[in-house]
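Remarks on the overall topology
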Amino acid sequence: MPQLLAIKGLHKSYGQTEVLKGVTCTLEQSDVVCVIGSSGSGKTTMLRCINMLEDFDDGTIEVDGQTIGYELRDGVRHRRRERDIARHRALTGMVFQQFNLFPHMTALDNITLGLIKAKKLTRPEAVAIAERWLDRVGLLSRKGHFPGQLSGGQQQRVAIARAVAMNPKLMLFDEVTSALDPELVNEVLQVIKDLAAEGMTMLLVTHEMRFAYEVATRVIFMNEGRIAEEGDPRKMFHAPATERLAEFLKNSSFH
Amino acid sequence: MTTSFAFLADMWTARFAILSGLGVTVLTSLLAIIAGSLVGVFVGLALTFGNRVTRIAARVYTDFVRGTPVLVLILASYYILGTVGLRLNAFQAGILALAVFCSSHIGEIVRGSLQAIPKGQAEAAKAIGLTFAQSFLYVLLPQAARQALPAWVNVAAEIVKASTLLSIIGVAELLLVTQQIIARNFMGLPFYFFAGFLYFLVNFGIERFGKYVERRLAISAR
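The following refers to the structure shown. (Residues numbered from 1 in each chain as written. Chains lettered and ligands numbered in written order. Predicted model: local features only at pLDDT ≥ 70, side-chain atom pairs only at ≥ 80, totals over all residues. Heavy atoms only, no water.)

**Quick notes on the overall build of chain B**
Looking only at helices and strands, one finds nine helices and zero strands in chain B. Taking the principal axes of the C-alpha coordinates as reference, chain B spans close to 75 × 50 × 25 Å. For chain B, buried positions account for 45% of its 222 residues. Of the contacts formed within chain B by residues at least 6 apart in sequence, a portion of 75% connects residues at least 24 apart. Carbon and sulfur atoms form 71% of the exposed surface of chain B, whose accessible area is close to 11700 Å². The average position of the 17 basic charges and that of the 8 acidic charges among the side chains of chain B differ by 7 Å. (Helix = DSSP H or I, 4+ residues; strand = E, 2+ residues; numbered from the N terminus. Buried < 20%, exposed > 50% of the residue type's maximum accessible area, 1.4 Å probe, protein only. Contact = heavy atoms within 4.5 Å. Areas by Shrake-Rupley, 256 points an atom, 1.4 Å probe, with all protein chains shown as cover. Lys, Arg positive; Asp, Glu negative; His and termini not counted. Charge placed at Lys NZ, Arg CZ, Asp CG, Glu CD.)

**Observations regarding the overall build of chain A**
A count of helices and strands for chain A gives nine helices and 12 strands. For 255 residues, the compact-globule formula gives about 18 Å, and the C-alpha radius of gyration of chain A, at 18 Å, lands near that figure. The principal-axis extent of the C-alpha atoms belonging to chain A is close to 55 × 50 × 35 Å. Burial status across chain A gives 55% buried among its 255 residues. In the structure as shown, chain A presents an accessible area of about 11200 Å², 46% of it carried by carbon and sulfur atoms. Chain A carries 32 positive and 32 negative side-chain charges, and their two centres are separated by 5 Å. (Rg over C-alpha atoms; globule rule 2.2 N^0.38 Å.)

**Side note on the packing of helix 4 (residues 123–136) of chain A against helix 5 (residues 152–165) of chain A**
Think of two packed helices as two axes; the pair is described by the angle between the axes and how far apart they sit. Residue and element names in this part refer to chain A. Put simply, helix 4 and helix 5 touch, their axes get as near as 9 Å, and they point 135° apart. Taken as axis vectors, helix 4 and helix 5 run oblique relative to one another. For the pair helix 4 and helix 5, the crossing hand works out as right-handed. Residues Ile129, Trp133 and Leu134 of helix 4 form the contact with helix 5, whose own contacting residues are Val158, Ala161, Val164 and Ala165. Its residues assigned to classes, the contact of helix 4 with helix 5 shows seven nonpolar, no polar and no charged. (Axes fitted to C-alpha atoms, helices over the stretch in contact; angles between N-to-C directions. Parallel < 35°, antiparallel > 145°, perpendicular 65-115°, else oblique. Left-handed = near helix turned anticlockwise from the far one by under 90°. Nonpolar A, V, L, I, M, F, W, Y, C, P; charged D, E, K, R; others polar.)

**So, the pairing of strand 3 (residues 32–36) of chain A**
A regular strand carries its side chains on alternate faces of the sheet. Residue and element names in this part refer to chain A. With five of five residues buried, strand 3 is to be regarded as a mostly interior element. Residues Val32, Cys34 and Ile36 line one face of strand 3 and the alternating positions Val33 and Val35 line the opposite face, and both faces are buried. Note: strand 3 against strand 10 (residues 202–205), four bridges, orientation parallel. Note that in strand 10 the partner of cysteine 34 across the bridge is leucine 204. By the bridge criterion, four bridges tie strand 3 to strand 11 (residues 218–223) in an arrangement that is parallel. Within strand 11, the residue paired with cysteine 34 across the bridge is valine 219. (Pairing = 2+ DSSP bridges.)

**Observations regarding the interface of chain A and chain B**
Taken together, the contact pairs 25 residues of chain A with 21 residues of chain B. Of the roughly 2000 Å² buried between chain A and chain B on both sides combined, carbon and sulfur atoms contribute 64%. Between chain A and chain B we count one salt bridge in total. Between glutamate 123 of chain B and arginine 48 of chain A there is a salt bridge, and its shortest N-O distance comes to 2.7 Å. Where chain A meets chain B, there are six residue pairs in polar contact (both at pLDDT 80 or more). Elements with a minimum of two residues in the side of chain A that touches chain B: helix 2 (82–89), strand 8 (92–95) and helix 3 (107–117) of chain A. Residues of the side of chain A that touches chain B, tallied by class, amount to 12 nonpolar, seven polar and six charged. (Buried area = accessible area lost by both parts, 1.4 Å probe. Salt bridge = Lys/Arg side-chain N within 4 Å of Asp/Glu carboxyl O. Polar contact = N/O pair within 3.5 Å; in protein donor to acceptor, adjacent residues only side chain to side chain.)

**Comments concerning the nonpolar core**
Counting residues in hydrophobic clusters, the biggest one holds 142 residues, and the most contacted among them are Ile61, Phe173, Ile192, Met202 and Leu203 of chain A. Counting residues per element, this core draws most heavily on helix 7 (residues 132–162) of chain B, at 11 residues. Residues in contact with methionine 202 of chain A, not counting those within four places in the same chain, are Leu27, Asp31, Val32, Val33, Leu170, Met171, Phe173, Ile192, Leu195 and Ala196 of chain A. (Core = buried A, V, L, I, M, F, W, Y, C linked by side-chain atoms within 4.5 Å.)

**Some remarks on the sheet that holds strand 4 (residues 58–63) of chain A**
Residue and element names in this part refer to chain A. Spatial strand order, 2-1-4-5: four strands in an open sheet with antiparallel pairing. Each having just a single partner strand, strand 2 (17–27) and strand 5 (66–67) make up the two edges of the open sheet. Here strand 1 (residues 5–14) runs beside strand 4; their pairing, made up of five bridges, is antiparallel. Bridging from a neighbouring strand, leucine 5 pairs with valine 63 of strand 4. Packed onto the sheet, helix 1 (residues 43–50) meets strand 1, strand 2 and strand 4 and runs at close to 115° relative to strand 1.

**Focus: a nonpolar patch on the surface**
A cluster of nonpolar side chains, contributed by Val26, Leu30, Ile34 and Leu38 of chain B, occupies part of the molecular surface with about 360 Å² of accessible area. As for its position among the elements, isoleucine 34 of chain B is in helix 2 (residues 15–49). (Patch = residues over 30% accessible without salt bridge, like charges linked within 9 Å, V, L, I, M, F, W, Y side chains within 5 Å.)

**Description of the pairing of strand 10 of chain A**
All names here are of chain A. Here strand 10 shows no split at all, with Met202 and Leu204 on one side and Leu203 and Val205 on the other all buried. Across four bridges, strand 9 (residues 170–174) lies against strand 10 in parallel orientation. Looking at strand 10, one finds that leucine 172 is bridged to leucine 203. The handedness of the strand 9 to strand 10 crossover, carried by helix 6 (residues 182–197), is right-handed. (Right-handed = clockwise from strand over helix to strand, strands pointing away.)

Dropping the structure here:
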């Protein structure tokens with residue numbers, strides 16, 4: 001079975017600081033992989049490289065067989081044209097910590113924008129898809145509301161709908177519950193669980209250890225720009241192979 | 001009694017001159033504001049997203065223009081451009097100078113408004129596969145425009161006031177027409193006062209228009 005995501009030897013530096021020191025990992029269809037690790041370990045940066053929100057210095061990323069971001073011409077690595085990068089970004093859907101809904105548009109228009117402008121659907125087609133997804137996240141009745149009129153949890157659910165509506169091969173979640181009030185976390189996690197149950201392939205950077213334990217098919221533990229340990233969450237959480245992971249689990253909320 | 005009657009009688013005599021002066025003031029200002037705003041958006045774009053070369057070029061342009069008195073810009077555009085082969089009449093030269101002045105200010109305002117938008121907005125637009133032009137047009141510009149509107153109204157009012165300087169190069173706008181009328185009838189006080197009142201009306205209109213647009217564009221419960 002072809003891999004849906006293949007990262008090989010990913011390197012990335014900010015000036016003198018090397019944040020990714022050769023990350024290699026793969027995801028197959030319907031994998032739900034949670035990336036954990038302390039802040040500064042490079043997990044968010046890795047996620048952002050996958051849809052070229054961050055440039056990277058070395059290594060390759062393939063999504064659904066397509067090489068992301070850079071191409072070799074005469075053996076020299078070139079950044080792809082902006083148009084191709086935009087097209088490749090549509091292979092993935094991304095949900096952010098801060099929701100990043102467009103504040104001047106209704107919930108419905110937030111979702112239809114990409115469908116109409118990037119996917120070139122007609123407005124009625126786009127509205128039909130957007131309404132279906134709003135319904136799925138339980139917010140169809142709020143389709144005319146602006147983000148400022150919605151709670152954080154509702155905004156994040158609209159943001160998830162916006163990303164999934166583009167029909168991506170792979171969903172990327174970047175600490176999507178970290179900015180939410182505790183009582184709003186579950187409604188968002190439930191939406192993600194439902195998507196996982198339907199076979200959506202996803203890569204999540206998360207601090208929700210309980211969620212990682214229950215939902216992930218695999219967990220990746222990152223430490224200082226490298227994958228320190230990866231595997232089945234049950235095995236990893238109950239019997240961490242590395243000292244570093246044991247320490248990390250002791251200090252995080254999972255018990 | 002007799003003076004106020006004389007003023008009204010002279011007003012009546014000069015009605016078409018005043019109206020045409022007002023028309024020229026409104027027309028020059030309007031054209032300068034429209035052209036200046038359009039160019040200003042591109043200047044702001046270059047200042048914010050340009051590569052090194054375009055950014056420095058836009059920076060030099062805005063700093064140079066903003067550091068030059070409008071009157072000097074007007075004189076330069078009328079007298080100096082002619083010597084390098086671009087011969088404009090007073091009306092064209094005046095609009096060019098005002099538009100350039102306007103564009104530099106709008107450029108700075110657009111830059112400030114674009115930079116005030118959280119970075120996540122552009123990232124979210126990229127993440128759903130929009131190209132740069134699309135994300136600018138549908139995501140960044142609408143938000144920047146709301147932010148920029150009050151400052152834009154200020155610049156527009158400044159342009160209307162600066163248009164009085166076009167009288168120096170002989171554009172028959174409201175101030176020059178008023179001066180010509182006063183040269184005939186020596187009624188300086190009432191006619192200057194009346195001209196001032198008309199300028200106030202124009203700028204008051206711009207301000208109301210700005211408030212109206214602001215209300216229309218307001219993002220509910222933001």
